[in-house]
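What follows is each chain in one-letter form.
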Amino acid sequence: EVKKNGKNGYQFFSCELNAQVEQRVELEADLRRALERGEFLLHYQPQIRADDESIIGVEALVRWNHPTKGILPPGMFVPVAEDTGLIMELESRVLYEACRQMQSWHESGAPLISVAVNLSSHQFYHSSLTQQIKDVIEQTGLEAKYLELEITESLMMNPEVSSTVLKELANLGIRISLDDFGTGYSSLSYLKKLPINKLKIDRSFIQDIAHNDSDKAIVASIIDMAHHLNLNVIAEGIETKDQLEILSQHNCREVQGYYFSRPLPASELERVYLHP
Ligand code: C2E
Ligand code: MG
Ligand code: MG
Ligand code: MG
C-alpha cells in the first residue's frame, strides 16, 4: 500500500497500473465468453486485378461483435488473444469459417476466387497446423488451391522450422503469401529457398507513394524482385487513384485497399462482387 498520495506520483502510477491489469484480466474473461458464444465474425476485403479491376480473391479479417461495444477490430483483441493462447481457438474458427464461406460461394455459382487467411506465429509453429489445414479442407470441401495463408516475414527468422512447415503446406496445394512485406528484419535469402507464392507489399510503402520518391523506388524494386523470382505480388492499402496508377505503371498486377472497398460483411461482399 502506498502511504502518501505523494507528489512523486507513485500512488497515481500504481493505480494506473492496477487499472491496466484489471482491464486485461477482464478482456481475457470477455474473450473466453465470446468464443463460447460465437461472437466472432469475418469481414472480407476484395483483392483486385489492377488492369480490369475484377475480383480475384478476398482477405478474411476477423471482427468481434461485442454485445455492448459493437464491432471491434482485431487490433483491440488479437494481441491479448495471442498472449493468452486463445488465438489458437480463435484462428481455428476463422480458418474453418473462411473456407466454409468460400466453398459455399463457389457452390452458389460465384467466380472461383480464393480466400486469404491471416496466421499468427502461434498457429504457424503449432505442430498440428498441417493436419488442421488438411481437416478444414476435407470438412469444407474447398479445394486447397483456393486457400492462401498470410504469414509475416518475422517467421522466416527461424528458417529450419519455417521451411518444414511451408513445404508441408505447399504439398497440400495451399498458397503462401508474405504479409506486410518490407517491414520485417529478416534476410531475403529465404525467398529463393522456400515455397512462397506471393509478396504483399506493406501499406506503409504505399501511403505516400505519390509524393515520396524513396517509397516509390522501394515499391518498384520489390515488384521487380518478385517478378524475377517468379513470385506474385500484391500491394495493400491503396486509397487513391494516383496510388493505383503508379502501381500499375510499375507492373503491380494485384491490389487491395479502401480505394476499391473496405472489408465487407459476407452478405455485402456477395451482393456487390459475387452476384451483382
Ligand atoms: P493485415 O493482415 O495487414 O490486414 C490489412 C489491414 O489493413 C486490415 O485491418 C484492413 O482493414 C486494413 N486496410 C485495408 N485496406 C486499407 C486501406 O486502404 N487503408 C487503410 N488505412 N487500411 C486498410 P484490420 O482488419 O483492422 O486488421 C489488422 C490486422 O489484424 C491485420 O493486418 C492482421 O495482421 C490482423 N488480423 C486480422 N484478422 C486476423 C486473423 O483472423 N488472425 C490473425 N492472427 N490476425 C488477424
Ligand atoms: Mg493480411
Ligand atoms: Mg498486411
Ligand atoms: Mg498489416
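All of these numbers come straight from a predicted model, not from anything done at the bench.

Calculation notes
Residues numbered from 1 in each chain as written. Chains lettered and ligands numbered in written order. Predicted model: local features only at pLDDT ≥ 70, side-chain atom pairs only at ≥ 80, totals over all residues. Heavy atoms only, no water. Helix = DSSP H or I, 4+ residues; strand = E, 2+ residues; numbered from the N terminus. Rg over C-alpha atoms; globule rule 2.2 N^0.38 Å. Buried < 20%, exposed > 50% of the residue type's maximum accessible area, 1.4 Å probe, protein only. Near = heavy atom within 4 Å. Polar contact = N/O pair within 3.5 Å; in protein donor to acceptor, adjacent residues only side chain to side chain. Areas by Shrake-Rupley, 256 points an atom, 1.4 Å probe, with all protein chains shown as cover. 1 Å grid on protein atoms, 1.4 Å probe; cavity = no way out; pocket = protein on both sides within 12 Å on 5 of 7 lines; lining within 4 Å. Sits in = over half its atoms within 2 Å of the grid points. Patch = residues over 30% accessible without salt bridge, like charges linked within 9 Å, V, L, I, M, F, W, Y side chains within 5 Å. Salt bridge = Lys/Arg side-chain N within 4 Å of Asp/Glu carboxyl O. Donors = N, O, S within 2.8 Å, 3.2 Å for Na, K, Ca; no water.

Enquirer: Can you walk me through the overall build of the chain in this structure?
Expert: When helices and strands are tallied, the chain shows eleven helices and ten strands. For the chain, the C-alpha radius of gyration of 21 Å lies close to 19 Å, the compact-globule estimate for 276 residues. Over its C-alpha atoms, taken along the principal directions, the chain stretches across nearly 70 × 45 × 45 Å. A total of 276 residues make up the chain; the buried ones form 45% of that total.

Enquirer: Honestly, the site of ligand 1 in this entry has me stumped. Any pointers?
Expert: Within the structure, ligand 1 sits among 21 residues, and Arg63, Glu91, Asp179, Glu239 and Tyr258 are positioned closest to it. One of the side-chain N or O atoms of aspartate 179 is found 2.8 Å from an oxygen atom in ligand 1. In the model, an oxygen atom of ligand 1 is placed 3.4 Å from a nitrogen or oxygen of the glutamate 236 side chain. Starting from 800 Å² of accessible surface for ligand 1 in isolation, the protein chains cover 82%. More than half of the atoms of ligand 1 fall within 2 Å of the grid points belonging to the largest pocket.

Enquirer: How do you make sense of a nonpolar patch on the surface when you look at a structure like this?
Expert: Residues Leu17, Val21 and Val25 make up a contiguous nonpolar surface patch of about 260 Å² in total accessible area. Along the chain, valine 25 falls in helix 1 (residues 10–37). Given the relative accessible area of 53%, valine 25 is considered exposed.

Enquirer: I'm lost on the coordination of the magnesium ion (ligand 2) in this one. Help?
Expert: In an ideal tetrahedron of four donors about a metal, each angle is 109.5 degrees. In an ideal octahedron of six donors, the angles are 90 or 180 degrees. Coordination of the magnesium ion (ligand 2) by the protein involves Glu59 (OE), Asn118 (OD1), Glu150 (OE) and Asp179 (OD), with metal-donor separations of 2.0 to 2.2 Å. Sequence spacing among the residues donating to the magnesium ion (ligand 2) works out to E-x58-N-x31-E-x28-D. Distance-wise, the magnesium ion (ligand 3) is placed 4.1 Å from the magnesium ion (ligand 2), both being coordinated by aspartate 179. Taken together, the positions of glutamate 59 in strand 2 (residues 55–66) and asparagine 118 in strand 4 (residues 114–118) put the pair 59 residues apart, joining distant regions of the chain.

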